[in-house]
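# Descriptive analysis of the structure
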Amino acid sequence: MSSGSPPQRHGKGGGEEGASASRLGGRRTDYPSSSRQRSADVVWPEHFVESVAAHVADDAARSSGRLFAAPAVVAMFQVCPTWRAIAGSEFLWQVLCRRIWFRHRRSLPSWREEYIHFHRTAANFRAGRYVYSSLLPPSDDLSCRRLALSDRHLAAGFLDGSVRLYDVPSGRLLATFRADPHRDRLGRFSQAISGLVLLDDRLAFASQDGDVHVAELGSSGAPPRRALAGNLVVDGTMVDFTGNARWWVGLFAGAPGHSWHVWDVATELLVFVGGGLMDHAAVVGWHMLTDVLKPVVGRARILEQGVVVGCTVSSMEVLDLNGVTGTILNQSEHRHGALVGSFDACHGRVLVVDSRGVAEVREAPALTDVSRFTAFRRSELQQGGPSLEGCMNWGYALVCTSRGVQVWDFITGRYLYIFRQRIGIASAMVASNRYVVAWTNDTGLHLWDFGAL
């Protein structure tokens, strides 16, 4: 790693997790089951058994969690040799990867190996087995504002407007991107990074003045281009930026009725402006250009089903991006005030922690309750200090306090464990199915890899 320190292995428990997935062996084929010849003595056609297996996995994942899908399928394959042979169906494992782990592209030689890899990684996440690395030491010249993860890369956006791109899991620095240095600025921190959208081949990063730059990751040494030019006077400060391969979404504070901005990625054209979610934070939004110590006032997260959830201290709002762009689907008021830095969303669920230390996980877009648990004691929240950072992935919620990074199963609300490393209070944090990354001004950039073991 770039820190020069060797990786450290930490975790709880022992034994081989993922044995259920590993036992699902048998013959392999690389073509859909519907095209394979059927044996005349098979009572149930293979495609029917595959469909039943997919439903069994779905039911187990929904009722007990994704780690229970593999044991349920293993039990089903013990019915008879014919059913057990279907365990080698690549078509079945492709369906299971898509339904259970939301994987639509394969990175390993077969879909069965892909499923086993994600099952073992999830088991490691639950047990607290990981490899830890320190990627970047703290520096007076750097203060990280945003983090983003993809399967291959980590992007870190800083207060000075720079973005560093790392390879994961090696932690090797690949490139440093900067916005146009010749553009006129309004406010000392107008170039500070306000959001990152990291895909496999492209990085889009936004600054507080509303500019959006795009870097093609396959173009070695090519400087980023400015795709969108912000207008502070008209729109205010961009406090957060999110998106995917189809949409870019900016959350703005400073101009009434201009909270949401939505762009079509393919054309880079603005398709929606509106909403009053950030109207109450107009003054704070302007102050963000000159004062970095202001608390987090707003966050936005895009979800897979084509909706965006925005969070402020007082409320949450769900914006629909399908059909009529800009339709407000739902709104919810916070009873005790939200710590906006702890807000995150993943696979249709939303995490938010209130000022009492109570964490809530809700289902989007209806914002119905999934679970509730105590994330920290009130004494751990510094009066007037930074908002506690939190994040989530497919099954776990994480919150960084002065005691360390703590992990909960967000479906049940059960507390699981705390990371052994004491990194201090994080100012940026992100999680994926495999990685957790956090930055603190005192200890720098940290990476935990749950898929390396």
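Residue numbers here run from 1 along each chain, matching the order of that chain's written sequence. Selection of residues for local features in this predicted model requires a pLDDT of at least 70, selection of side-chain atom pairs for listing and counting requires 80 or more, and totals for whole chains, interfaces and linings are taken over all residues. Only hydrogens and water are set aside; all other atoms, that is, all heavy atoms of the structure, feed into the side-chain values.

## Remarks on the pairing of strand E27 (residues 428-431)
Rules: Burial here depends on accessible area, computed with a 1.4 Å probe over protein chains only, as a share of the maximum for the residue type. Under 20% is buried, over 50% is exposed, and the range in between is partly exposed. Helix and strand labels come from DSSP, where a helix needs a run of H or I of at least four residues and a strand needs a run of E of at least two; each type is numbered from the N terminus. Should DSSP find at least two bridges between two strands, the strands are taken to pair.
Across the two faces of E27 the burial is the same, with Ala 428 and Val 430 and Met 429 and Ala 431 all buried. Here E27 folds back onto strand E28 (residues 435-440) in antiparallel fashion, the turn holding three residues.

## Details of the nonpolar core
When a protein is soluble and globular, its nonpolar side chains tend to lie buried together. For clarity, the threshold we go by: We define a nonpolar core as any set of buried Ala, Val, Leu, Ile, Met, Phe, Trp, Tyr and Cys residues linked to one another through side-chain atoms lying within 4.5 Å. Between two residues, a contact is recorded if the distance between any of their heavy atoms is within 4.5 Å.
Formed by 47 residues in total, the largest nonpolar core has its most connected members in Tyr 115, Leu 398, Phe 419, Val 436 and Trp 448. Ranked by residue count, the leading element in this core is helix H5 (residues 90-101), at seven residues. Those residues in contact with Trp 448 that lie beyond four places of it in its chain are Tyr 130, Val 131, Tyr 132, Val 405, Phe 419, Gln 421, Ile 423, Arg 434, Tyr 435, Val 436, Val 437 and Ala 438.

## Things to note about the sheet that holds strand E20 (residues 349-354)
For clarity, the cut-off: Only the contacting stretch of a helix is used when fitting its axis, a line to C-alpha atoms as for every element, and angles between N-to-C directions run 0 to 180 degrees.
In spatial order, the strands read E19-E20-E21-E22; together these four strands make up an open sheet with antiparallel pairing. This sheet does not close on itself; its edge strands, each paired only once, are strand E19 (338-346) and strand E22 (368-374). Pairwise comparison of adjacent strand axes, ignoring direction, gives a mean angle of 20° for this sheet.

## Overview of the side chain of Ser 190
You can see Ser 190 is positioned in the loop between strand E6 (173-178) and strand E7 (193-198). Judged by relative accessible area, which is 1%, Ser 190 ranks as buried. In this view, Ser 190 contacts Arg 185, Ser 207, Gln 208, Asp 209 and Leu 289; residues no more than four positions away in its chain are not counted.

## A look at the packing of aromatic side chains
In plain terms, the rule: Only rings of Phe, Tyr and Trp enter the pairing, Trp through its six-membered ring, and a pair is recorded when the two centres are within 6.5 Å. The plane angle decides the type: under 30 degrees is stacked, over 60 is edge-to-face, the rest tilted.
Tallied over the entire structure, the rule returns 17 aromatic pairs. Both rings, one in Trp 101 and one in Phe 118, keep their centres 6.4 Å apart while their planes meet at 25°; by these two values the pair is stacked. You can see Trp 101 sitting in helix H5 and its partner Phe 118 sitting in helix H6 (residues 111-127), a full 17 residues away along the chain. In this pair, the class of Trp 101 matches that of Phe 118, namely buried.

## Observations concerning the confidence of the model for the chain
For clarity, the cut-off: Values of pLDDT, the confidence the predictor places in each residue, fall between 0 and 100.
Of the residues in the chain, 86% reach a pLDDT of 70 or more, and the chain-wide mean stands at 85. Contacts of residues 12-22 to residues separated by more than four positions or lying in other chains number 25 contacts, the stretch itself having pLDDT below 50.

## Examining the pairing of strand E14 (residues 269-274)
A regular strand places its side chains so that they alternate between the two faces of the sheet. Bridge count for strand E13 (residues 260-264) against E14 is five bridges, and the pairing is antiparallel. Opposite Trp 260, over in E14, you have Gly 274 as the bridge partner. Linking E13 back to E14 in an antiparallel pair, the connection comprises four residues, with Glu 268 at a positive phi of about 60°.

## Thoughts on the state of the cysteines
Filter applied, for reference: When the sulfur atoms of two cysteines come within 2.5 Å, that pair is taken as a disulfide.
Per the counting criterion, the structure on display carries zero disulfides. A disulfide-free cysteine, Cys 346 has its sulfur positioned 9.9 Å from the sulfur of Cys 391, the nearest such atom. Left unpaired, Cys 391 is separated from the closest cysteine sulfur, that of Cys 400, by 9.2 Å. Cys 391 gets classed as buried once you look at its relative accessible area, which sits at 0%.

## Digging into the pattern of salt bridges
In plain terms, the rule: Any Lys or Arg side-chain nitrogen found within 4 Å of a carboxyl oxygen on Asp or Glu counts as a salt bridge.
In total, this model carries 19 salt bridges according to the counting rule given. The salt bridge partner of Asp 58 is Arg 99, with a shortest N-O separation of 3.0 Å. With Asp 58 in helix H2 (residues 46-64) and Arg 99 in helix H5, this pair connects stretches of sequence that are 41 residues apart. Between Asp 160 and Arg 178 there is a salt bridge whose closest N-O contact spans 3.6 Å. Of this pair, Asp 160 sits in the loop between strand E4 (153-158) and strand E5 (162-167) while Arg 178 sits in strand E6, and the two are 18 residues apart along the sequence. Three or more residues are tied together by salt bridges with common partners; here these are Arg 146, Asp 240, Arg 301 and Asp 344.

## What about the packing of H2 against helix H3 (residues 69-77)?
Going by this rule: Note on convention: the crossing is left-handed when the near helix lies turned anticlockwise from the far helix by less than a right angle, right-handed when the turn is clockwise.
Relative to each other, H2 and H3 sit at 145°, their axes nearing to 8 Å. In this structure, the crossing between H2 and H3 has a hand that is right-handed. Listed contacts from H3 to Val 49, Val 52, Ala 53, Val 56, Ala 57, Ala 60 and Ala 61 of H2 are Ala 69, Ala 72, Val 73, Met 76 and Phe 77.

## Notes on the environment of Asp 209
Going by this rule: For this analysis, a polar contact is any N or O atom pair within 3.5 Å, provided that within protein one partner can donate a hydrogen and the other can accept it, and provided that sequence-adjacent residues contribute only side-chain to side-chain pairs.
Position of Asp 209 among the secondary structure elements: in the loop between strand E8 (202-207) and strand E9 (212-216). With relative accessibility at 4%, the residue Asp 209 sits in the buried group. With 26 residues separating them in the primary sequence, Asp 209 and Asp 235 have C-alpha atoms 9.1 Å apart. Leave out the neighbours within four places in its chain, and Asp 209 touches Arg 183, Arg 185, Ser 190, Gly 230, Asn 231 and Leu 232. Separated by 3.1 Å, the side chain of Asp 209 and the backbone nitrogen of Asp 211 make a polar contact.

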